[in-house]
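Coordinate analysis (summary)
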Amino acid sequence: MPNVNTSPAAAIAATRRAVGVPRHVRLRNGAPAQIRAVRSDDARRFGAFVARLSAASRGERFGRSLGACSPAMLVDLVNVDGVRHVAFVATLRLDHDEEVIGEARYDVSADGDCAELTLVVGDTWQGQGLADHLLDLLLDSARHAGLRRLVCEVPSSNRRAIRFMQRMGFVAGPQGADRPVLHMERSVVARKPQAPAPRPVDVLRRWLSNQFFQFGF
């Protein structure tokens, strides 16, 4: 049976659990960025982001034939339900607006067991650790949704992307010389609850107990 509850209430709850307030991150070059759920008012920002991508990055994400997003395509990209289709954007704060510099999303399979992800970072922001933050948030969302696996398709020629996905725990399927795209996947494992930090009084008690044993009291 599908693991995903698609009711409106579940969609809102899952999104809030996975995202909370926007995540504020510091990139390797020192720039502050935030990662948040995509919103319906992001159409213009998202269109500008796609237009700034290089032909290679845009082709790997959307297909070689895409030059720019049509208005209808932008509407689809920024209007997601937060359960079957989950999407996040990384942005930089401007004076009175935001600039999208990366996006990550997944679409849940019909059986509710796994989801296929896509991720792209603006060319001038690649190598700054942004992809790590985006993928971490996708994994958190998948855990909250009860998914078992995340899968993706990576061009076999993109060795950098393949190494990144492997570093993030994804395993590549069989690769043949005639396969231009490599299938990769990883399980989504719930995080183990962290043990609470010991109270100072407990640390003192353990230290005193060790002293007693050490000196034969």
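Here the structure is a predicted model, which is why all the values come from computation and not from measurement. (Residues numbered from 1 in each chain as written. Predicted model: local features only at pLDDT ≥ 70, side-chain atom pairs only at ≥ 80, totals over all residues. Heavy atoms only, no water.)

As a further point, take the nonpolar core. Tyr106, Leu117, Leu135, Leu150, Met165 and Phe170 are the most contacted members of the largest nonpolar core, which totals 38 residues. Elements with a minimum of two residues in this core: β2 (32–37), β3 (85–93), β4 (98–108), β5 (114–121), α5 (130–145), β6 (149–155), α6 (159–167) and β8 (181–187). Examining the composition of this core, we find that nine residues originate from one element, α5, more than from any other. With sequence-adjacent residues up to four places away left out, Met165 is seen in contact with Leu117, Leu135, Cys152, Val154, Phe170 and Met184. Judged by nonpolar contacts, the second largest core, of 14 residues, contains Phe62, Cys69, Leu77 and Val120. (Core = buried A, V, L, I, M, F, W, Y, C linked by side-chain atoms within 4.5 Å. Buried < 20%, exposed > 50% of the residue type's maximum accessible area, 1.4 Å probe, protein only. Helix = DSSP H or I, 4+ residues; strand = E, 2+ residues; numbered from the N terminus. Contact = heavy atoms within 4.5 Å.)

Let us look at the packing of aromatic side chains. A complete count under the given rule lists one aromatic pair for this structure. The ring of Phe62 is capped by Arg61, whose NZ or CZ atom sits 4.3 Å from the centre of that ring. (Phe/Tyr/Trp six-rings, centres within 6.5 Å; stacked < 30°, edge-to-face > 60°. Lys NZ or Arg CZ within 6 Å of the ring centre and 35° of its normal.)

Right, let's get into the pairing of β5. Sheet analysis places β4 next to β5, joined by seven bridges and oriented antiparallel. Note on β5: the bridge partner recorded for Val108 is Ala115. In the classification by handedness, the crossover that spans β5, the intervening α5 and the parallel β6 is right-handed. (Pairing = 2+ DSSP bridges. Right-handed = clockwise from strand over helix to strand, strands pointing away.)

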